[in-house]
Structure formats: structure tokens, C-alpha cells
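Remarks on the overall topology
Now for the letters of each chain:
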Amino acid sequence: MEKARKKILFLLQHAPYGTSQTRELIDTIYAASAFEQNVQLLFTGEGLWQLIPHQHGGLIANKDISKLLGALSYYDIHALFVDSFSLASRKLDLTQLMLPVIPLDAVQMRALLHDADCVI
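These remarks concern the structure in this document. (Residues numbered from 1 in each chain as written. Predicted model: local features only at pLDDT ≥ 70, side-chain atom pairs only at ≥ 80, totals over all residues. Heavy atoms only, no water.)

**So, the pairing of strand 3 (residues 79-83)**
For clarity, the cut-off: Categorising residues by exposure relies on relative accessible area from a 1.4 Å probe, with only protein chains included: less than 20% of the type maximum marks a residue as buried, more than 50% marks it as exposed, and the intermediate range marks it as partly exposed. Under the DSSP-based scheme used, a helix requires at least four consecutive residues in state H or I and a strand at least two consecutive residues in state E, with every element numbered from the N terminus. In this scheme, strands are said to pair when DSSP sees at least two bridges between them.
Of all 5 residues in strand 3, 4 are buried; the element is thus mostly enclosed. Across 4 bridges, strand 2 (residues 38-43) lies against strand 3 in parallel orientation. Paired with Leu41 across the bridge in strand 3 is Leu80. Sheet analysis places strand 3 next to strand 4 (residues 102-104), joined by 3 bridges and oriented parallel. Directly across from Asp83, in strand 4, lies its bridge partner Leu104.

Spelled out as C-alpha cells, the structure:
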């Protein structure tokens, strides 16, 4: 009998550097994927800065977050979403982001949150 896959939505809402929260959450994302769960990511607020390419985390003795996120496709993680309000308020557009993401408005984000089995 095949196990049912849980739909796990991860909220990435912290800046890429300054604390270990982002790196630890990315490690958790990869662990969930390794256990063959249906992983989705929603970047919102300061978490959008994680999607900016060509970061140089090594300059501040950190792993480069963009490199960690660049491996998402190897883990079969393709459901990537961004909060369109957060995107606009930071004067960013989709062409400036390093990964293909789907912008969501407030209603769509509510539906995504409601549809998830677990939100982290």
C-alpha cells in the first residue's frame, strides 16, 4: 500500500542573512522532500530577498542562500510562490528573481494556506 504524501507549505519570510533561520528552514525543506512529501514554498515579506541572484554570503562567513535554493529542482521541488504585494512593495519584479515563481494575491495565498496539510 502506497503512503499518502502530505502537502507541506513552507513560509519563507525572513531575510537571507543575519540569523540561521533561513538556512535551517532550507535544510528542513530538503529533509521533507527526501521523505517524498509534496513540498511547496511561499516567499513573502523579507523572504523575497532570498530570491535575488548573485549573493555573496561568503563575505559575511555564511553559505550563499542562492546556491542552497538553486538546488530545489534536484529535490523535485517546483511549487514556488511569491506574495505579489510583498514583491510590489519592495519594487521587485519576477525578472529579477533567480527562480521561476508564481505570484499570488491575498485570496490565492489564503487558498494555498488552506489547502496545505501542514504549514511551517
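Back to the text.
**Re the environment of Lys67**
Relative to the elements of secondary structure, Lys67 occurs in helix 2 (residues 65-70). Its relative accessible area of 65% is what places Lys67 among the exposed residues.

**Looking at the pattern of salt bridges**
How we decide: By convention in these notes, a salt bridge is any Lys or Arg side-chain nitrogen within 4 Å of a carboxyl oxygen on Asp or Glu.
Taken as a whole and judged by the stated rule, the model has 2 salt bridges. The residue Asp115 makes a salt bridge to Lys7 at a minimum N-O spacing of 2.7 Å. Linking Asp115 in helix 4 (residues 106-115) with Lys7 in strand 1 (residues 7-12), this pair joins segments that are 108 residues apart in sequence.

**With respect to the environment of Val82**
So the rule is basically this: Contacts were defined at the residue level, with two residues in contact if any of their heavy atoms lie within 4.5 Å.
Checked against the element boundaries, Val82 lands in strand 3. Taking the relative accessible area as the measure of exposure, Val82 reaches 0% and is therefore buried. C-alpha of Val82 to C-alpha of Leu41: the two residues are 41 residues apart in sequence and 8.3 Å apart in space. Apart from the residues within four sequence positions on either side, Val82 is in contact with Leu42, Phe43, Leu48, Leu51, Leu87, Leu94, Leu97, Val101, Ile102, Pro103 and Leu104.

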